[in-house]
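# Structural description and commentary
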Amino acid sequence: MDDGIVIGEGVVLDARPASFATRMLGSALDIAVQGAVLLVLLWLATGSVAVGGEDIAPALLVSVLVLVMVVVPTTVETLTRGRSLGKLATGIRVVRDDGGPVRVRHAFIRALVGVGELWLTFGTVALVASLTNTKGKRIGDMLAGTYAIRIRGGRSTVAAVYMPRPLAGWAASADMRRLPDGLALAVRQFLARGQRMNETSRVRMGQDLAGRVEKLVAPGPPPGTPPETFLMAVLAERRSREWAAAQRARSVAAEQAETVRTLPYGIPDPAR
């Protein structure tokens, strides 16, 4: 499964690793920014040494290096979920091997190992490791269980929900009240990324979701209904019912508001 990300459901997504050139450019931008920050902090530290004495110089130097090389990149990657400034500029993101966002542990391991393979060896170790790995991982990625993917600008895909005509009659009379919001969201996300998934995984996941949804919908769909068609019909009908319920609630609220504004016992309203 080197051609995609394995998500929590055991499904392979068609999200391939970022190209070598893109990863190198992103890393170069990150190191350039960190280097600039390091120079500024070292300049400030020089002034502190002049005031506090040379005895604090070693501790201050180590503190600045740890801050710039480990603390800052760990914090940035954790808060941005794998998108540092360089990665943002090149349109890539660091994710876990299972496709999930990186956490503090992953970002810390990447930054800590990066001190050796990026800074102390001027990136040569990371370069060799990336060239010899099928997913372009450097050593920090191998130890952290992460790698970089191309996210094409980071725009999320939204599924176009519509009612399949053959299922319109069935959906109108089906009971879907037991379908939880979480499962409905999982169905929507699956339909949104279905075109980018490995075909075998797409079929398997569609069947799994359809089986879970069918247990909560009565009566079930007509025999022979394709899983994705069934799921689309459920989402479309659920959306229609939620919209109708929202409209009814809005009408009731408007009526209640009008009643509250009306004076009781036929007292004339001077504002009217």
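Residues numbered from 1 in each chain as written. Predicted model: local features only at pLDDT ≥ 70, side-chain atom pairs only at ≥ 80, totals over all residues. Heavy atoms only, no water.

The condition that has to hold: UniProt positions are given in the numbering used here, feature names are shortened, and annotations may be inferred rather than shown by experiment.
By the naming in an unreviewed UniProt entry, the protein chain goes by RDD family protein and is assigned to Sanguibacter inulinus. In its Subcellular location (unreviewed entry) section, the UniProt entry covering the protein chain states "Membrane".

### Observations concerning the layout of surface pockets
Note the following rule: Using only the protein atoms, space was sampled on a 1 Å grid; points where a 1.4 Å probe fits but cannot get out form cavities, open sets with protein on both sides within 12 Å along at least five of seven lines form pockets, and lining residues are those with an atom within 4 Å of a point. Grid points are joined across faces, edges and corners, and a volume is the space filled by probe spheres set on the points. In DSSP terms, a helix is any run of H or I states spanning at least four residues, a strand is any run of E spanning at least two, and both are numbered starting from the N terminus. Three classes are used: nonpolar for Ala, Val, Leu, Ile, Met, Phe, Trp, Tyr, Cys and Pro, charged for Asp, Glu, Lys and Arg, and polar for all others, with Gly counted as polar.
Roughly 690 Å³ of internal volume is contained in the second largest pocket. Taken together, 39 residues make up the lining of the second largest pocket; nearest its centre are Ser27, Asp30, Lys87, Arg110 and Leu118. Listing elements by their share of the lining of the second largest pocket, those giving two or more residues are helix H1 (20-52), helix H2 (57-79), helix H3 (85-90), strand S3 (92-96), helix H4 (104-120), helix H5 (124-132) and strand S4 (146-150). At 10 residues, the largest contribution of residues to the lining of the second largest pocket is made by H1. The residue makeup of the lining of the second largest pocket, split by class, is 22 nonpolar, eight polar and nine charged.

### Digging into the nonpolar core
To be explicit about the condition: What makes a nonpolar core is a set of buried Ala, Val, Leu, Ile, Met, Phe, Trp, Tyr and Cys residues whose side-chain atoms join them at distances within 4.5 Å. Each residue is placed in one exposure class: buried if its accessible area under a 1.4 Å probe, protein chains only, is under 20% of its type's maximum, exposed if it is over 50%, and partly exposed if it falls in between. Contacts are assigned to residue pairs that have any heavy atoms within 4.5 Å of one another.
Counting residues in hydrophobic clusters, the biggest one holds 25 residues, and the most contacted among them are Trp170, Met176, Phe190, Val213, Phe230, Leu231 and Val234. Listing elements by their share of this core, those giving two or more residues are helix H7 (168-173), helix H8 (181-193), helix H9 (199-214) and helix H10 (227-261). What Val213 contacts, discounting residues up to four positions off in sequence, is Leu179, Leu183, Val187, Phe230, Leu231 and Val234.

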